Amino acid sequence: MNPRLILIPLLISAMVASATALAQDKGSVDPKPLPPLANPNDPKMGAKELFGRKVLPAAMPTRVVGFYAKGCIAGAEALPINGETWQVMRLSRNRYWAHPAMVALLKRLADEAHKDAGWPGILVGDMSQPRGGPMITGHASHQVGLDADIWLTPMPNRQLSRDEREEMSAVMMVRADRLDVDPSVWTPKHLAVIRAAAQEPGVQRIFVNAAIKKALCREAKGNRSWLSKVRPMYGHDYHFHIRIKCPPGSSECEGQPEPSASEGCKAGDLAYWFKDSVIHPKPPKAPTKPRPPIANRGARRFYSVPKYANVRDRRAVSAGEILGRRSRLVISPSVGRCVARPRTAQPCEDRHAHQCTQPDQGHRHRRQEGRDHLAYPRRYRQWPDRHLLDHQ
């Protein structure tokens, strides 16, 4: 039987709007569908509203477009919600889709967690939406099917009910003072699971709370080279985040630089994370006006990579195409974004014509700084530790 036919009833019920989408937040066993958009072609419509309403992947060959936090995926594959050594949580979010390479990796990791750590299996949190892209709630990344969250709570030795998958909370691993792991819940088995994930050749980074990184540095024995992939990041105190490299042949995928070979275990490597100002940040003196989400700044605006943003490249694929729209890429050299426009659009937006008189001028204009721009947004370049940007 076609697996898509089995998934359709569940996917339709999974189109819900929730307050936030953190793994600890509860889901809904009776989700209400998102209301239809009154005018989906409105040029001011945020991309997240369009991607969030797609319940199945684009019927296209698998391809990853863009960066982890600015992209989308066609031909995504669903991780089966039940396996011998894994179960998917928060089904109402419909975020158990990913690149086939990620799906295969999670299955291997689940088996390794069972074999090496003695866990019955793993609990899988958010992966990506059916077509990737920005989410209405929650993550900035997880947009291209190459990110996945794994709970640090072992899978029970039974199949969880639908209610349990929506209501159950993961176990907090970090001590109340945020300076170390909680010894009452942290075990060597947690280290074994994270190590198994980090030793996968396709994994580029793993994000954990700084207190967990501290424990891993203290307890890891033997070959410790895998620790270089484990990066401290805000949150991540009840789950860890796996990020894999751009799959071979994914020329439209924009990866990150390889992490340094250092274990990242020196006192100076973790000092920033344990500052009182970081653990207990002071509230701002004056309330700041929140900026709109990136996904909401204009119709179907799409941050992209210059090398495939050239409108003359027939292989280029846009967010509009993955969303099932007849559109093409238009490069805006000044900000390095691609905007989905009708096929009648000019190669360059009028207001950037002086930078893009010839089709290739804008391409060259962005080539030099484009890669760094995407990995490290300008507004973050003055942060005390550059690796804080890893998670973007």
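Not measured: the values here are computed from a predicted model.

(A) Structural detail: the nonpolar core. The biggest cluster of nonpolar side chains holds 59 residues, and the ones touching the most others in it are Leu106, Met127, Ile194, Ile212, Phe240 and Ile242. Residue contacts for Ile212: discarding those within four places in its chain leaves Leu152, Met173, Val174, Val181, Trp186, Ile194, His236 and Asp237. Among the nonpolar cores identified, the runner-up in size contains 10 residues, and Met45, Leu50, Phe51 and Ala58 belong to it.

(B) Examining the packing of helix H3 (residues 100-116) against helix H5 (residues 188-198) more closely. Look at H3 against H5: their axes get within 9 Å of each other, and the N-to-C directions meet at 145°. Where H3 crosses over H5, the handedness of that crossing is right-handed. Residue-level inspection shows Leu109, Glu112 and Ala113 of H3 in contact with H5, the latter providing Val193, Ala196 and Ala197. Looking at side-chain class alone, the contact of H3 with H5 contains five nonpolar, no polar and one charged residues.

(C) Structural context of the packing of aromatic side chains. Going through the model one piece at a time under the given rule, you end up with four aromatic pairs. When the ring of Phe67 is compared with that of Tyr68, the centres are 5.4 Å apart and the planes differ by 75°; the resulting orientation is edge-to-face. By relative accessible area, which is 1% here, Phe67 ends up buried. Tyr68 sits in the buried class, given a relative accessible area of 1%. When the centroid spacing of 4.9 Å and the interplanar angle of 65° are considered together, the rings of Tyr234 and Trp273 count as edge-to-face.

(D) Seen up close, the state of the cysteines. One pass over the full model with this rule turns up two disulfides. A sulfur-sulfur separation of 2.0 Å characterises the disulfide bridge that pairs Cys217 with Cys265. Across the S-S bond linking Cys217 and Cys265, the dihedral sits near -75°, which makes this disulfide left-handed. Residue Cys217 is located in helix H6 (residues 210-219), and its partner Cys265 is located in the loop between strand S11 (239-244) and helix H7 (267-271); the two are separated by 48 residues in the primary sequence. Since its relative accessible area comes to 22%, Cys265 is described here as partly exposed. What pairs with Cys246 in a disulfide is Cys253, and their sulfur atoms sit 2.0 Å apart. Here the disulfide of Cys246 and Cys253 is left-handed, its torsion about the S-S bond being about -70°.

(E) Layout of H3. For H3, spanning 17 residues, the distance from its first C-alpha to its last is 24 Å, which sits close to the expected 24 Å at 1.5 Å a residue. Among all positions in H3, only Met102, Val103, Leu105, Leu106, Leu109, Ala110 and Ala113 are buried. Burial along H3 is one-sided: seen end-on, the buried residues are contained in an arc of 160°. More than 90 degrees from the buried face of H3, the exposed residues found are Lys115 and Asp116. Where H3 terminates, the next one or two residues include Gly118, which has phi positive at roughly 75°.

Definitions and cut-offs
- Here the residue numbering is sequential within each chain, running from 1 through the sequence in written order.
- Restriction of local features to residues with pLDDT of at least 70 applies here, the model being predicted, together with a cutoff of 80 or more for giving and counting side-chain atom pairs; totals for whole chains, interfaces and linings are based on all residues.
- Note that water and hydrogens are dropped before the side-chain values are worked out from all heavy atoms of the structure.
- The nonpolar core is taken to be a set of buried Ala, Val, Leu, Ile, Met, Phe, Trp, Tyr and Cys residues, with the residues joined through side-chain atoms within 4.5 Å.
- Exposure is judged per residue with a 1.4 Å probe applied to protein chains only, and the accessible area is read against the type maximum: over 50% gives exposed, under 20% gives buried, and values in between give partly exposed.
- Contacts are assigned to residue pairs with any non-hydrogen atoms lying within 4.5 Å of each other.
- Think of each axis as a best-fit line through the C-alpha atoms, taken over the contacting stretch in the case of a helix, with angles from 0 to 180 degrees between the N-to-C directions.
- A run of H or I in DSSP becomes a helix once it reaches four residues, and a run of E becomes a strand once it reaches two; helices and strands are each numbered from the N terminus.
- In this scheme, a crossing is called left-handed if the near helix is turned counterclockwise away from the far one by less than a right angle; it is called right-handed if the turn is clockwise.
- All amino acids are sorted into three groups, where Ala, Val, Leu, Ile, Met, Phe, Trp, Tyr, Cys and Pro are nonpolar, Asp, Glu, Lys and Arg are charged, and the leftover types, Gly among them, are polar.
- Aromatic rings from Phe, Tyr and Trp, taking only the six-membered ring of Trp, are treated as a pair when their centres fall within 6.5 Å; an angle between ring planes under 30 degrees marks them as stacked, one over 60 as edge-to-face, and anything in between as tilted.
- The rule for a disulfide is simple: a pair of cysteine sulfur atoms within 2.5 Å.
- What a helix should span is 1.5 Å times the count of its residues minus one.
- As used here, the arc is the angular range of directions from the helix axis to the C-beta atoms.

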